[in-house]
Amino acid sequence: MAARFVVPVGGDAAEFLHTTLSPNAVPFTPHASDSMDPGVHFARCSSKLRSLRGDSVNLKEELNLLFDQFISENYYQTISPSINFRPEDVCILLRHACALVPQSNEHLVIKFCQLVHHLLNQLKVIVDEPTLHALVSYIVRALSVCSKWTHAEVLLALSTVLYGNGPQCQKHLHGLLGEQGLLLLYSAPSQPDLELRRVALSCMTNICLGIPGQLSVEDKYRNQCYGIFLKALQAPKPHSCDELLYSGALKGLHCCLSGVKWRFGGGEEVGALLATLKRLMFQGTPGLSVEWPSVLYAAPLPQYEGPSTPKPSLDPPNKKKKTRGKGKKAEVNRGDEGAEEERETMVPLLPKGGGGGGGAAGGGESSTKPPTASLYPAWKRTSSDSEFSDLEGSAQCKLRLYHGRVRQSALHCLLAVVRGVDKRMLYGYWSSFIPDAPMAGPPPLTLLSIVLKDPSPKVRACALQVLSAMLDGSRQFLGVAEDTATPRPSFTPFSLSLAATVRELHRCLTLALLAETSAQTLTQVIKCLAYLVSNAPYQRLRPGLLSPLWRHLRPYVRHRDVNVRVSALTLYGAMVTAQAPLPEVQLLLRQPEGSGGGGSGAGTPQDAALSWRHRDGLSSPSKTPGSHGRSPRLRTPAEQEGAEPGSPWLLELCIQLVTETRDEQSDSEAGGTGAAVASEPSPVRLEALQVLAHLVRGYFCLAQVCMSELGQVSARCLQESDPSVQLHGTKLLDELGTGIIQQNRPESTVPLPARLPMSQVVEFWTEVLRGPLNGALQSEHHPTLQTSACDALSSILPLAFTQLEDKIQMMCITVLLGLTYSENSLVKAAAVRALGVYILFPSLREDVMFVADTANTILMALEDKSPNVRAKAAWSLGNLTDTLIVNIVGTDFQEELSDMLLLKMLQSATRASADKDRVKCNSVRALGNLLHFLRYGQLTRSVFQRPLEEAVRVLVQTVQSEATMKVRWNACYALGNAFRNPALPLDSAPWSSDAFSSLCSVVTSCKNFKVRIKSAAALSVPARRGCYGDVERFIRVWHSLATALENSEETHDFLEYRYCASLRETLLQALMHLLSLSQWEDMPALGAALAGDEGVAIRGHLLRYLRGEGGDRGTAGEGESGTENDWIVHKVSARGQRLHQELMHDPDVD
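Residues numbered from 1 in each chain as written. Predicted model: local features only at pLDDT ≥ 70, side-chain atom pairs only at ≥ 80, totals over all residues. Heavy atoms only, no water.

**Some words on the environment of Ala 873**
Part 1: Counting through the fold element by element, Ala 873 comes out in helix 39 (residues 867-886).
Part 2: You can call Ala 873 buried: its relative accessible area is 0%.
Part 3: For the pair Ala 873 and Leu 835, spaced 38 residues apart in the sequence, the C-alpha separation amounts to 9.3 Å.
Part 4: The residues contacting Ala 873, other than those within four sequence positions of it, are Val 832, Ile 858, Ala 861 and Leu 862. (Helix = DSSP H or I, 4+ residues; strand = E, 2+ residues; numbered from the N terminus. Buried < 20%, exposed > 50% of the residue type's maximum accessible area, 1.4 Å probe, protein only. Contact = heavy atoms within 4.5 Å.)

Here you go:
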């Protein structure tokens, strides 16, 4: 007999449709109103609900029906993308509903709480403050009135309401988290109902959750939640508890640690947290029985976990695990976590019997035979036969999923700790998470154990993120590593242990690179290697670390996943920038493409994924079967000298990635049009351009072979429509120009035959400046491109610029002068800086008209509202005034330059010296040059008198100020530069006394020795005795220099000791200069200064200086006049025989 049931149609209970259930029945078609839009359904039900009043007839029945209709509708936007709700409508609805639902009706309270969770969770609404207070007050009262069986649903609604609203519910936090607070009671370890405890932890998690742009919860409540989360993780897990409790506590801990700079207390707080997270990093690992320490201690020596007696398992894997009866949701936070896409069969993380690298196995498992050696980690060696029945397998899959979430959450917390705690504090704990060397016994449990052995690709990726964060910024710490010296058998220095850590990181991460199959995790492996390469001190390590990595990485530039290809190029870029030029990388770059190019990478298990597209000129692993497992032989430098010079294969590869095109049909499953398009997507091309720039910067001597090709690449990039490609093309051009300039510097060690011929340099820049660079300079819609083009234009070799055609030179100058009027501050700053470079060109610095035009442009930029423009203008003004000093001798330049322009420059530099330190440091430099350049006729004019006094006063104030040391250093240099002008009235000017006093004060009291050195050098500049004024000022300068000499080794900063020798030498030169200028009236005061105990040290310093300076020319003594020192001594003797005898024959002086 067929069953019958009644289907309500249209939402009205009065209409029914009787349907007979049978195999031949017509398929059910819903009424049009049943499939109405969710937005319409929400508006309809919301209108009905808001129309209800507390005294309505059948209120409970109507509320019950409306709540059911709300809860039964799916409001996820992924299901209905057209849904568009206003948050204020949801808040009004919930406030009205909580006023209607009586707390005496527990069933309605439960449905209302389900409604709150359903709407806020699916619509992603964060309630406003009035709704927040209304709902929290209602829920808190419900927890005290309703029966205990309702509390789980009520707390779930509270968790949803509190999401992101922790700082807004300050008046409720005391009742929730204060003494005897509700959440403290429900989350206590003594709470028998684990579901209530889990949801209470979720409430505290949402209170601590930080929303970008909003204030965070008060520190006292955050600290209290942190302590509760940590205690929940440290407490033994109850037998009946699943992993969701740990997951919730870890999420809360992560919210506490993220977004704020966490301040840990003293003692063992950090160590206790790290020990807890390390234990949970290996949660659910089969075959692992370890006595975990409760605290990790910071120590230079590694701390290992020892095996413990295996305990009997409470839940054997062959027995069914009881599942929860109630269908509670697995999460209480916003959003539903989709099931992880992990279907690997779980095998023991640690090979039983102590093989390969994860931790100690239990003693009762030693009978298992050791695993076969293989590149494949444990999670890839699976069996085709199922070890469980279907029901048992489902339970095991669920348990593995929960364990993976716990491990992943623990690693997220560890990542937050690494990012939020001072790195210097964490260096002591590195040995607990990173191994130092492979050991004979069971290896330690570290992050690398997870990277190599964990079955979940998401967990492996999280471990790699933590490791990357630890390596990021560790260059100073890892810089101590060194293993080039002969090891001592009785003592292992810390530098050697750290070097072993770097080598172990290379070994394990290379294994992970070869074994990983998940594209997302593989990307993290390569990124982690890039962080390692960027921070490791390869110049202090034995060569050979980069060669295997270089070979194994090569196939991944052809991986089918774009992110993998980009990260592979990033790693190559890190290798060519690591302490460049590195001899090992030079050898690798010189290797021809076919010399074992596949290396071990050709035998990786991902060959099918790597060779997704083979190009002409790019060798594929499948094309070199003979090289499988073979390492390429690096040719020695002697062999390479006889070989034909060729371009580096990496450079050729990057050029191909940037420039090659393909038919659109080649990679399309459907028939393509065959049009030529870029062979690689934009991220790969951009990364290849960055690698080219790194190659040119670090290994220009190798890259210059392809100078013409690189110029064509940059020109092609500038012709494309993508602004990012254009920008990288101009940056490559800038690096090429900078490389040419570095190669032709006077101090360059590159031999002349190995340098790029000047004719080729001129030809290169001629093609570039006639090409699309001019269009980039005039691209007003892309100011960043214009800025980079200005930088490229400023990287022309000065000698090459002189040999360019006149019209090209004029074009460069005209374009730069025009861009200084740009409305964009970045473009204006770059143009002003480029003019500051051009003003130093020998062919332009003697051109009075160009100097005048550039000066007027710079002075206008000094008044700009942008600090960046003013800083660049001040730097250019300093360069321009440097050219004025160069032009003093041998030319009529000084007479041809306008007096009014010099006056404007002096006044503008004086005003700019009151600006920020970025502007001030170069403004004072310009002031010193201008005071040196002014002639006597200009200084005596009345129009110059006041600006001159103001300029000197600014320099004196800057020397004595609390500005940055670079500013004070430049101010001292500027005063010394001004003292070189013989036309300055140092003997009679009222400001000269202040100038000498400021330098005397700084030379004795400044903490920075470089400032002292410059002040001492400035005091020794005046060439005439009259410049020092009367005897009193002269002796004051002497006493200041002598005091500074006595205190030249007294400093509170250890880094200043490296300047002690230079400071003493400068002070002694200044004292000898004063002695050489001294007059007869100065002798009594000088004799008194050198007499007694105070003068003994000074006399000793001066005599040792005289003897040491004489060197091979002989020792200073009476009757000898063949050296400069003897001349100085005889000059002093002629002025005062008593002083001379005191210097040369004092028995107290050694």
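**Structural notes on the environment of Ser 822**
Part 1: Residue placement: Ser 822 occurs in the loop between helix 35 (806-819) and helix 36 (825-838).
Part 2: Excluding its chain neighbours within four sequence positions, the residues that come into contact with Ser 822 are Val 827 and Lys 828.

**A short note on the side chain of Glu 687**
Part 1: Looking at where Glu 687 falls in the secondary structure, it is placed in helix 27 (residues 682-698).
Part 2: Although buried, Glu 687 forms no salt bridge, and the nearest oppositely charged side chain, Lys 527, lies 9.5 Å from it.
Part 3: Beyond its immediate stretch of four places on either side in the chain, Glu 687 contacts Val 566, Leu 569 and Thr 570. (Lys, Arg positive; Asp, Glu negative; His and termini not counted. Salt bridge = Lys/Arg side-chain N within 4 Å of Asp/Glu carboxyl O.)

**Details of the packing of helix 10 (residues 219-234) against helix 12 (residues 269-281)**
Part 1: Axis separation between helix 10 and helix 12 bottoms out at 10 Å; the angle between their running directions is 45°. Regarding the angle of helix 10 to helix 12, the classification is oblique. For the pair helix 10 and helix 12, the sense of crossing is left-handed. Facing Tyr 226, Leu 230, Leu 233 and Gln 234 of helix 10, the residues of helix 12 in contact are Glu 269, Ala 272, Leu 273, Thr 276, Arg 279 and Leu 280.
Part 2: Across the contact of helix 10 with helix 12, the residue classes break down as six nonpolar, two polar and two charged. (Axes fitted to C-alpha atoms, helices over the stretch in contact; angles between N-to-C directions. Parallel < 35°, antiparallel > 145°, perpendicular 65-115°, else oblique. Left-handed = near helix turned anticlockwise from the far one by under 90°. Nonpolar A, V, L, I, M, F, W, Y, C, P; charged D, E, K, R; others polar.)

**A word on helix 6 (residues 151-162)**
Part 1: The end-to-end C-alpha distance of helix 6, which contains 12 residues, comes to 16 Å, matching closely the 16 Å that a straight helix rising 1.5 Å per residue would cover.
Part 2: Within helix 6, 12 of the 12 residues are buried, which leaves it mostly tucked inside the rest of the structure.
Part 3: Among all positions of helix 6, only His 151, Ala 152, Glu 153, Val 154, Leu 155, Leu 156, Ala 157, Leu 158, Ser 159, Thr 160, Val 161 and Leu 162 are buried.
Part 4: Contacts from the buried residues of helix 6 go to helix 4 (106-123), helix 5 (129-145), helix 7 (170-177), helix 8 (182-187) and helix 9 (194-208). (Expected span 1.5 Å × (residues − 1).)

**Re the packing of aromatic side chains**
We describe a pair of aromatic rings using the distance from one ring centre to the other and the angle between the two ring planes.
Part 1: Counting across every chain of the model gives 19 aromatic pairs.
Part 2: Considering the side-chain rings of Tyr 427 and Phe 477, the 4.1 Å spacing of their centres and the 5° angle between planes classify their relative orientation as stacked. With Tyr 427 in the loop between helix 14 (423-426) and helix 15 (430-433) and Phe 477 in helix 18 (residues 475-478), the pair connects residues that are 50 residues apart, well separated along the chain. Across the pair, Phe 477 and Tyr 427 agree in class, each one buried.
Part 3: The aromatic ring of Trp 649 is capped on one face by Arg 554, whose charged end is 3.7 Å from the ring centroid. (Phe/Tyr/Trp six-rings, centres within 6.5 Å; stacked < 30°, edge-to-face > 60°. Lys NZ or Arg CZ within 6 Å of the ring centre and 35° of its normal.)

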